[in-house]
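Listed here are the chains, written in short residue letters.
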Amino acid sequence: MSAATAPVSAFPAPSFREGASRAQTAADSGARRATESATVLSLEDLGAGYRRLRLGAPATAAAAAPGQFVHVRVPALDASAMRRPVSVCDADPAAGVLTLVFKIVGRGTAALATVREGDRVDLMGPLGNGFPLPPAGAEVLLVGGGYGVAPLYFLARKVLDGRDGQDGRDGLDGRDGQGGIHLFVGGRTKEDLLLLDDFRALGVDVHPATDDGSLGTKGLVTAPLDAWFAARGGVVHPATAAKPALFACGPAPMLRAIDERAQALGADAWLSLDRRMLCGVGACLGCTQVVRDGDATATVRVCADGPVFPRGRIVW
Ligand SMILES: Cc1cc2nc3c(=O)[nH]c(=O)nc-3n(C[C@H](O)[C@H](O)[C@H](O)COP(=O)(O)OP(=O)(O)OC[C@H]3O[C@@H](n4cnc5c(N)ncnc54)[C@H](O)[C@@H]3O)c2cc1C
Ligand code: FES
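Everything in this summary refers to the structure shown in the same document.

Rules behind the numbers
Counting restarts for each chain: residues are numbered from 1 in the order of the written sequence. Here the convention is simple: chains get letters from A, ligands get numbers from 1, in the order in which they are written. Owing to the predicted nature of the model, reporting of local features is limited to residues with pLDDT of at least 70; listing and counting of side-chain atom pairs is limited to 80 or more, with chain, interface and lining totals taken over all residues. A run of H or I in DSSP counts as a helix once it spans at least four residues, and a run of E counts as a strand once it spans at least two, with each numbered from the N terminus. Residue pairs are scored as contacts if the distance between their C-beta atoms, which are placed from the backbone, is within 7 Å. All residues are tested the same way: a C-beta atom is placed from the backbone, and lying within 6 Å of a molecule or strand makes the residue near it. DSSP bridges decide pairing: two strands pair if at least two such bridges lie between them. As a rule, the C-alpha atoms of each element are fitted with a line to give its axis, helices using only the stretch in contact, and angles between N-to-C directions run from 0 to 180 degrees. In this scheme, a helix's expected span is set at 1.5 Å multiplied by one less than its residue total. Backbone-placed C-beta atoms define the burial measure: a residue is buried with 20 or more other C-beta atoms within 10 Å of its own, exposed with 12 or fewer, and partly exposed in between. We define the nonpolar core as any set of buried residues of the types Ala, Val, Leu, Ile, Met, Phe, Trp, Tyr and Cys, connected via C-beta atoms lying within 7 Å of each other. These domain boundaries are the output of an automatic or database domain assignment.

1. Let's talk about the overall build of the protein
- Scanning the protein from terminus to terminus reveals 8 helices and 16 strands.
- The long-range share in the protein, meaning contacts at least 24 apart out of those at least 6 apart in sequence, stands at 66%.

2. Some thoughts on the site of ligand 1
- In the vicinity of ligand 1 lie 20 residues, with Ser87, Phe102, Gly106, Gly108 and Thr109 positioned nearest.
- Sorting the residues of the shell around ligand 1 by element identifies strand 4 (84–87), strand 6 (97–103) and helix 3 (107–112) as the ones contributing at least two each.
- The greatest single-element share of the shell around ligand 1, amounting to 4 residues, is contributed by strand 4.

3. Here we look at the sheet that holds strand 3 (residues 69–73)
- Taken together, the 7 strands give an open sheet; going across it, the order is 4-3-7-1-2-6-5, and neighbouring strands pair in antiparallel fashion. The sheet is open, and its two edges are formed by strand 4 and strand 5 (90–92), each paired on a single side. Across the sheet, the mean angle from the axis of one strand to that of its neighbour is 35°, orientation sign disregarded.
- By the bridge criterion, 3 bridges tie strand 5 to strand 6 in an arrangement that is antiparallel. Note on strand 6: the bridge partner recorded for aspartate 92 is valine 97.
- Running over the sheet, helix 4 (residues 149–161) touches strand 4, strand 5 and strand 6 and is turned about 45° from strand 5.

4. Side note on helix 7 (residues 252–265)
- Relative to the 20 Å expected for 14 residues at 1.5 Å per residue, helix 7 spans 20 Å between its end C-alpha atoms, a close match to the ideal helical length.
- Those residues of helix 7 that fall on the buried side of the exposure criterion are Met254, Leu255, Ile258, Asp259, Arg261 and Ala262.
- Of the surrounding secondary structure, the elements contacted by the buried residues of helix 7 are strand 8 (140–145), strand 9 (181–187), strand 12 (245–249) and strand 13 (269–272).
- Immediately beyond the C-terminal end of helix 7, within one or two residues, lies glycine 266, with a positive phi of roughly 70°.

5. Notes on the environment of glycine 162
- Inspection of the secondary structure puts glycine 162 in the loop between helix 4 and strand 9.
- Each C-alpha atom, one on glycine 162 and one on leucine 133, is 9.8 Å from the other, the two residues being 29 residues apart in sequence.

6. What about the nonpolar core?
- Ranked by internal contacts, the top residues of the largest apolar core, which has 80 residues, are Leu98, Leu142, Leu246, Phe247 and Ala248.
- Here this core gets 8 residues from one element, more than from any other, and that element is helix 4.
- Counting the residues that make up this core, at least three belong to each of domain 1 (32–127) and domain 2 (140–267).
- Sequence-distant contacts of leucine 98, that is, excluding residues within four places in its chain, are made with Ala38, Leu55, Ala57, Thr60, Ala61, Ala64, Val88 and Ala91.

7. Some details on the sheet that holds strand 11 (residues 217–218)
- Taking strand neighbours across the sheet as the criterion, the 7 strands line up as 11-10-9-8-12-13-16 in an open arrangement whose pairing is mixed. The open sheet has two edge strands with one neighbour each: strand 11 and strand 16 (308–310).
- Where strand 10 (residues 205–210) and strand 11 come together, 2 bridges link them in parallel fashion. Bridge pairing in strand 11 places alanine 209 opposite threonine 217.
- Strands in contact with helix 4 are strand 8, strand 9, strand 12 and strand 13; relative to strand 8, the strand with the most contacts, it is inclined by about 160°.
- Across the sheet, helix 7 touches strand 8, strand 9, strand 12 and strand 13, and the angle it forms with strand 13 is around 170°.

8. Looking at unusual backbone geometry
- In this chain, glycine 125 is followed by proline 126 through a cis amide linkage whose omega measures 5°.
- Assignment of secondary structure puts proline 126 in strand 7 (residues 120–127).
- Look at alanine 48: it is not a glycine, yet its phi comes out positive at around 55°.
- Considering the arrangement of structural elements, one finds alanine 48 in the loop between strand 1 (35–47) and strand 2 (50–56).
- One non-glycine residue, leucine 195, lies in positive phi territory at about 65°.

9. What to know about the pairing of strand 2
- Where strand 1 and strand 2 come together, 7 bridges link them in antiparallel fashion. Opposite glutamate 44, over in strand 2, you have arginine 52 as the bridge partner.
- Where strand 1 folds back on strand 2, the antiparallel hairpin that results is connected by 2 residues, among which alanine 48 adopts a positive phi of roughly 55°.
- Relative to strand 6, strand 2 runs antiparallel, the two being bridged by 7 bridges. From the neighbouring strand, leucine 55 faces strand 6, where its bridge partner is leucine 98.

10. Focus on the pairing of strand 10
- Taken together, the 6 bridges between strand 9 and strand 10 define a ladder with parallel strand orientation. The partner of phenylalanine 184 across the bridge, within strand 10, is histidine 207.

11. A look at the environment of proline 307
- Within the secondary structure, proline 307 sits in the loop between helix 8 (302–305) and strand 16.
- Under the C-beta neighbour-count criterion, proline 307 is labelled buried, with 29 such atoms within 10 Å.
- Proline 307 sits 180 residues away from leucine 127 along the chain, and the two C-alpha atoms are 9.1 Å apart.
- When residues no more than four places from it in sequence are discounted, the contact partners of proline 307 are Phe69, Gly128, Ser272, Leu273 and Val302.

Here it is in structure tokens:
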């Protein structure tokens, strides 16, 4: 992977200014604006308007990192139509396969759901800074809402790739030096909880919550998260005394709740913002967000300076 496309920074987190300038350099260099004509390998109906799209896209799959997105030109739309940003849900460089999971919410995603095997789909990317990878063995808490679990799946897989055959289960005795990976996943109903079997197959401990109580805890995704902290008696791991790292992707109210908890607990947290985007590469200023920058505030572009921001940076 070239320096221009490498989005993953190592913990401890860089300051926001460092992270933003690196992302901006990469985006503005043009290297991340690479496009690829991908081939549709399969389109799977996951129910309730969700689809899993597998694409033959060797260059994008080789460059993609967790938390990045691709800007998709939807084939059935007019060529002048804007691209749609979709997170990378998985990338297999060896097979040259990129996996996306999307929800049909409007014209673009409805048209994307009509592609057939063999169709060509133009991708720009991978774009955005992505999640930093936690240190080896860190305890990882993933918090996702709806299709927000898509980039978290890729992150979980990458974390486990670095664990040399370990799965995501936590012995809690800390003897193997590996913290567990827990997914706290929320949605309106059980149909909105995606990829649960895929996470479980990785050994990730899954804690569901639904608004209607159709699966898991009835209520918001923060309910099982708070219960999990309460059950183990606090933020530090009982054996290793380390604090977990949180990674969240979903609607803004959920991200804000995670941000506030992480600040209160003193735990690292990384939040991936979902924002309407136009150009996707930092040129149009259509996706700006006000952030804290020391004692002042600054305006950044979610597409090029994010979409991932550390805890305490977003001005909600
Ligand atoms: C970095 C990033 C990653 C994303 N990853 C995924 C993903 O993995 N899977 C997925 O299904 N979607 C993802 N999205 C959201 C996706 O881009 C939008 O749902 C899509 O562009 C909508 O296009 P449309 O033409 O179908 O809907 P439109 O007709 O454009 O809009 C339909 C409705 O959806 C709302 N909407 C549009 N875009 C967004 C948005 N970004 N956030 C919230 N509401 C929106 C509109 O306000 C409107 O109410 C991501 C967005 C971003 C910024
Ligand atoms: S979408 Fe154009 S600057 Fe972000």
